[in-house]
Structures are given as C-alpha cells and as structure tokens.
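Below are the chains, spelled out letter by letter.
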Amino acid sequence: MLALVPPLLTVGGVLWFGVDVPVGDQWTLAPILERLELGNEVPYGLFAQANESRPAFPRLLFVGLARLGYWNVKREMLATQFLLMGTSLGLVLLVRQYRGDGAVHTAGFALAANMLLFSWTQYENFLWGIQFILYVPFACLVAACLLVLSRRPLHQVVLLVALLNIIATYSYANGMLLWPLTAAALASIRWSELRDHWRPAMLFTGAFAASVALYFWDFDWPTGHPSIWVALSDPLRAVAGTLVFLGSGFSFAMQFGGYQVLIAAGAALALAALLLPVSVYLFRNRDGRALRNQLVIGLVFVAYGVGSAAVTAAGRLGFGMEYLLASRYTAFSFTAFLGAAVLAHAVVVHAGRQAASRAWVTQSMVAIAAALAVLWGLANVQSVAHILEVHRSRLQARAILPFVLMADEQDVRAVMSFQGSAPVRRWLPRLVERGVLPRLRDRVTWVTAHETQRASHGALERFQVGEYGDLVAEGWTYLPEEHRAGDAVLVTARQEEVLRAISVTVPSTPRDDIVARTGAPRAFRSGWKVSLNGPAIPGLELWTLNGRTGEAYRLGSLTTVPAGQ
C-alpha cells in the first residue's frame, strides 16, 4: 500500500496546483486546433519542430483531449500521471519476470520506483501539460523490454518494438536512443532466434533508418540554442555537465550555499558507486537466464538515462552548468536510477538465497541508497516553495488571459508565453470565436465590496502624472480568503453601465510591509504599478483579480485629476 502513496499524492497535487490555462509552448497547438475547427481532416503541423523534437504523437493526444471540451490543459497533466502509472506497472511486471521474487521484494521495488517516478522535484513537468512528451520515450522503452521478454514470436516482437521506437522518436528527441538500446536488448535476450531469422533484423534496421532520415528532413537547429560545439570543444566540462544532469533530481531546489552543482555531481557518482558492485555481482552470477535478463534490462535503462544526460548536456551546456539542474530535466535524471533499482532488486532476491555472498553487496547498496534517499527527501521538501511560485504564476496567467489584448508585453512573457505576447494575442480571439476556448470575460464575477472590505483586498496608494505625461497608479493587492497576493490588477472604464477593460497588470513588487500587516508570507509580491496613456477617463475603476475563482474585487475609483497635474 505504501507504493501507492507517491502517485496518489502527485495526482492530488496536480488537481490542486494545476491551472487550466495554456502557457509557453502549449500555444503552438493553437493553429492545429483552429484548423480542425475549420474542418481540416489532417491538421497541418503535427510533425513541426518544437525545439529539437517533433512531438507528433503527443500532439495527437493533446488535440483529442482538447476536443473533449474547452481546451483544458489539466487533462494533459493528468495524462502524464496516467502514463507514469502505466510505466510503474510495467517496471513491476519486468522485475516479476525474475523467479524467486516475493511480495515483499516487489512492494519494496514498487515503492522505490514510485518515489523516483512521482518525485515532486519534477513539478515543472507535472504542472505543465505539454511536458507529457518527456515521459513517452521511457514508457515506450519499458513496454519494449516487456515485449522482448515475452513469449511472442520474434517477428511480432520486432514489429511492435519498432512501432514503439517510432512513437518514442516522434515524441521527444531522445526517443531516438531507443533504437540502439532495444536492438541491444533483442540481441542479448533473443540472439538464438535472431541468428536463425535475419528478416526481422532487416525490418528493424530499415525502420530505424527511415525514421531517423525523415526526422532530420528539413531540420533546423533551434534559434537561440547554443551550438553543440561548446561541449565538443571542452570534453571535461561536458562530462561534468553529464554528471550534474544525472544527479539533478537529488539536488534541484537545494539551498546549501550554492553547492547544488556539486551535490548533483555527487549523486551521479553515488549512482556509479551503486552500479559497480551490483553489476559485478550479477555478472558473476549470470548463469541463470532470468538473472541475466534482469542485468540486460537494468543496464538498458541506465544507458537510456546516461545517454539522455549526455545528449542534453551537449545541447544545453552553453547556457551554463546551473541550467542543467532545471526541474524539467529531472525526469531524465531518474531513469538511470530506475535502472539501478532494477539491478539492485535482482541482487537482493538472488543474494537472499546466498547467505555467504549477501553481506558485502547488500551493505554497500543500503548505504548508498540511504544517502540518496536523504538527498531525495531534502530536494522534495525544498521544492515546495517553487511549486507555490509556479502555481501563482499560472493563476496570474489565468487572471490576465481574458484581458490579454491590453496586457503589458513583459507581464504576458513572464507568466504566459516565453515567446512574448504575439502568439497569445493572435490566437486567443480566434480560438474563443471558434469555441475552442470559452468566452473568458463572461466567466469573470464582478464583486463590488463594501468600504470596510475594500481595504482588505488591497489599496491604491499613489495616482499621479508620470515622467512622460502618462497616468501612473501604484498600490498593493491581497486576497484575504486565500491569504496571498492577488493575481492581477485590472483598470476598467464604465461606459453606459458596461465595464470596458483599459489595462491589466501582474503584481510583482516585493512588499515586506504587507506581509507584516497581513501575516501572510505569500503576500510578499503584492505591489503593483500600472501606467495609462492619454488623459484621465471619467469612471476609471480598479479591481483585484483572483485567477483561481475568476472573481474580481473592486478596489475603488481613480480620480479624474491625479496629483501633480
């Protein structure tokens, strides 16, 4: 039952912290959705590049989920969790292939695997639906290994494994690693069959060549990404970057005097120290077929993790070593450790029946695993602050989305689209018109507060003429119901009893005084500043927006003649 705790906690966290608004690269799906609404049967853009990847198959899923109703990206987040659950089940089935495994061993392995798969150091992936693409290749690798170990005829296995490899390749760039890795697994585990049947091998090789050739057809290196020559020109730094990437899941978010890079490298070295005695033990006792198969599968997983680390480090090293510690990359960090867990499980089961050889290998594994568990726990605890920050950023995006056409470029870029405001401003009205997204302004609830309540939701502190003749208003915002800063501040004009939005901004200024006044640490960045071009308009009003509930609380009116005019 303990093994079910990590996935249940993660699903609960996604339901609570996930926000149903597209952000960042998710807006690249907008033209595909619009074309579908226009009646195009085969949407253009499924195979278009997304950085170095061509995520055609995940895009098909995203389109299907979006067409279930309004484009709610929380479905994509939950799809990630279901994929991880399937991966977890596949891993358990893999280790159960080894005879002698008992319920206790299986439960222990399942707990360790789920602690890695559902670690909240991956919060950036869990709370961003498009990151589903990162988990597809490893899920395909687990399924491929199950097929290789199955009793299916060889030609069926090769065909199905090739299909899984194609799905992985056209989901995320490192999915191409599955071709050599699954080929190695097939050759190691089913060599006697391959030796007598060459046609399946030729089919596999042809599918590999065609898949990779089509992948790089009209391929462009992503604009703004560092050249791979940065890593090739400095091999030692590239190796260090690979180690840091491998251990990032045990170091992310730690605040130990800026030693995150060293801690990550240390975790990777601990992985190597764990693999050494385990691999030696399994190699010496490889006489049993089941044990030998476990060794092959475990090493394939480790190779996938190390290969992903090497490829990513080569492509991202130019951004700096700290960039390799990003939360979104910890998904790959854990795959190598999952491979080590598969190997360690086989050792524990086998050594349990070999009392003479049990001590040296189990003691070393327990010591290293305990150290990694401590790092894992510290990293997860210290991720909480980052999770709250991302949650607030998503709520801010949800708050300003109905009014994004008059939002500031810097605000849109900060919370909604890394490419700037252009993609959102271009596609939002068109998607709303075609029913892909709801008419967002109709979902805003305007709450006219009493005077005593008005101050509790924030205040206008200054309203004056700016340096260039514009009107500048400043103040703070607060949501007492949730003990945190408001998600946005909106300026409206009332014309013929109809509210018309004039400007919207995201609170970002630190305010220690507001934290002291409210006793709410999450009210720290509650200060806001908004500039209005042109003369003052009669009837201007200020509102605090709650992105979670869609409620707008009236702060008050702006004077028609500001101070200093």
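Look up a bit, the structure's there.
Just so it is clear, the structure is predicted and the values come from calculations on it, not from any experiment.

Engineer: When you look at the sheet that holds strand β6 (residues 527-532) in this model, what are you seeing that I'm missing?
Structural biologist: Two strands in a sheet stick together by hydrogen bonds in their backbones, pointing the same way (parallel) or opposite ways (antiparallel). The three strands lie next to each other as β2-β3-β6, forming an open sheet whose pairing is antiparallel. Single-partner strands in this sheet number two, and they are β2 (458-465) and β6. The sheet shows a mean angle of 20 degrees between the axes of neighbouring strands, taken without regard to direction. Sheet topology note: the strand β3 (residues 471-477)/β6 ladder contains six bridges and is antiparallel. Considered in β6, the bridge of glycine 475 is made with tryptophan 528.

Engineer: I keep staring at the sheet that holds strand β7 (residues 540-546) and nothing clicks. Help me out?
Structural biologist: Spatially, the five strands line up as an open sheet ordered β1-β8-β7-β4-β5, and their pairing is mixed. Each of the sheet's edge strands pairs with one partner strand only, and the pair in question is β1 (445-447) and β5 (498-505). In this sheet, adjacent strand axes meet at a mean angle of 35 degrees when their direction is disregarded.

Engineer: What exactly am I supposed to notice about the environment of arginine 152 here?
Structural biologist: Of note, arginine 152 is situated in the loop between α7 (132-149) and α8 (154-169). On the basis of relative accessible area, arginine 152 is assigned to the partly exposed category, the value being 39%. Separated by 3.2 Å, the side chains of arginine 152 and glutamine 156 make a polar contact.

Engineer: So what exactly am I meant to see when it comes to the side chain of glutamine 122 here?
Structural biologist: As for its position among the elements, glutamine 122 is in the loop between α5 (103-117) and α6 (123-126). Residue classification places glutamine 122 among the buried positions, given a relative accessible area of 1%.

Engineer: Hey, could you run me through the packing of α7 against α8 in this one?
Structural biologist: Packed helices, taken two at a time, are described by the angle between their axes plus the distance between the axes. Two elements in contact, α7 and α8, have axes separated by 9 Å at closest approach and are oriented at 175 degrees. Taken as axis vectors, α7 and α8 run roughly antiparallel relative to one another. Within the contact between the two elements, α7 uses Val136, Pro137, Cys140, Ala143, Ala144, Leu147 and Val148 and α8 uses Val157, Leu160, Val161, Leu164, Ile167 and Ala168. The class makeup of the residues in the contact of α7 with α8 is 13 nonpolar, no polar and no charged.

Engineer: Would you mind going over empty space enclosed by the protein with me for this structure?
Structural biologist: Gaps left between atoms show up when a probe the size of a water molecule is rolled over them. Counted according to the given criterion, the structure contains one cavity of 30 Å³ or more. Its volume calculated, the largest cavity comes out at about 120 Å³. Lining the largest cavity are 14 residues; nearest its centre among them are Leu117, Tyr135, Phe138, Ala331 and Thr335. Of all elements in the fold, only α4 (74-95), α5, α7 and α16 (330-351) reach the threshold of two or more residues within the lining of the largest cavity. The greatest single-element share of the lining of the largest cavity, amounting to five residues, is contributed by α16. Residue composition of the lining of the largest cavity, by class: eleven nonpolar, three polar and no charged.

Engineer: Whenever I open this one, the nonpolar core confuses me. Can you help?
Structural biologist: Soluble globular proteins tend to pack their nonpolar side chains together in the buried interior. With 148 residues, the main nonpolar core has Trp27, Trp71, Leu91, Leu282, Phe301, Met416 and Leu431 as its most contacted residues. Those residues in contact with leucine 91, other than ones at most four positions away along the chain, are Phe109, Ala113, Leu117, Phe138, Val142, Phe301 and Leu338. Judged by nonpolar contacts, the second largest core, of 13 residues, contains Phe463, Ala473, Val530 and Leu532.

Engineer: Quick question: what am I supposed to make of the environment of arginine 494 here?
Structural biologist: For arginine 494, the location among the structural elements is in strand β4 (residues 488-495). Judged by relative accessible area, arginine 494 falls into the partly exposed class, the value being 34%. For the pair arginine 494 and proline 538, spaced 44 residues apart in sequence, the C-alpha to C-alpha distance is 8.3 Å. Filtering out sequence-adjacent residues up to four positions away, arginine 494 remains in contact with Leu499, Gly539, Glu541 and Trp543.

About the thresholds
Residues numbered from 1 in each chain as written. Predicted model: local features only at pLDDT ≥ 70, side-chain atom pairs only at ≥ 80, totals over all residues. Heavy atoms only, no water. Pairing = 2+ DSSP bridges. Helix = DSSP H or I, 4+ residues; strand = E, 2+ residues; numbered from the N terminus. Axes fitted to C-alpha atoms, helices over the stretch in contact; angles between N-to-C directions. Buried < 20%, exposed > 50% of the residue type's maximum accessible area, 1.4 Å probe, protein only. Polar contact = N/O pair within 3.5 Å; in protein donor to acceptor, adjacent residues only side chain to side chain. Parallel < 35°, antiparallel > 145°, perpendicular 65-115°, else oblique. Contact = heavy atoms within 4.5 Å. Nonpolar A, V, L, I, M, F, W, Y, C, P; charged D, E, K, R; others polar. 1 Å grid on protein atoms, 1.4 Å probe; cavity = no way out; pocket = protein on both sides within 12 Å on 5 of 7 lines; lining within 4 Å. Points joined across faces, edges and corners; volume = space filled by probe spheres on them. Core = buried A, V, L, I, M, F, W, Y, C linked by side-chain atoms within 4.5 Å.

By themselves, these are just geometric observations and shouldn't be taken as functional.
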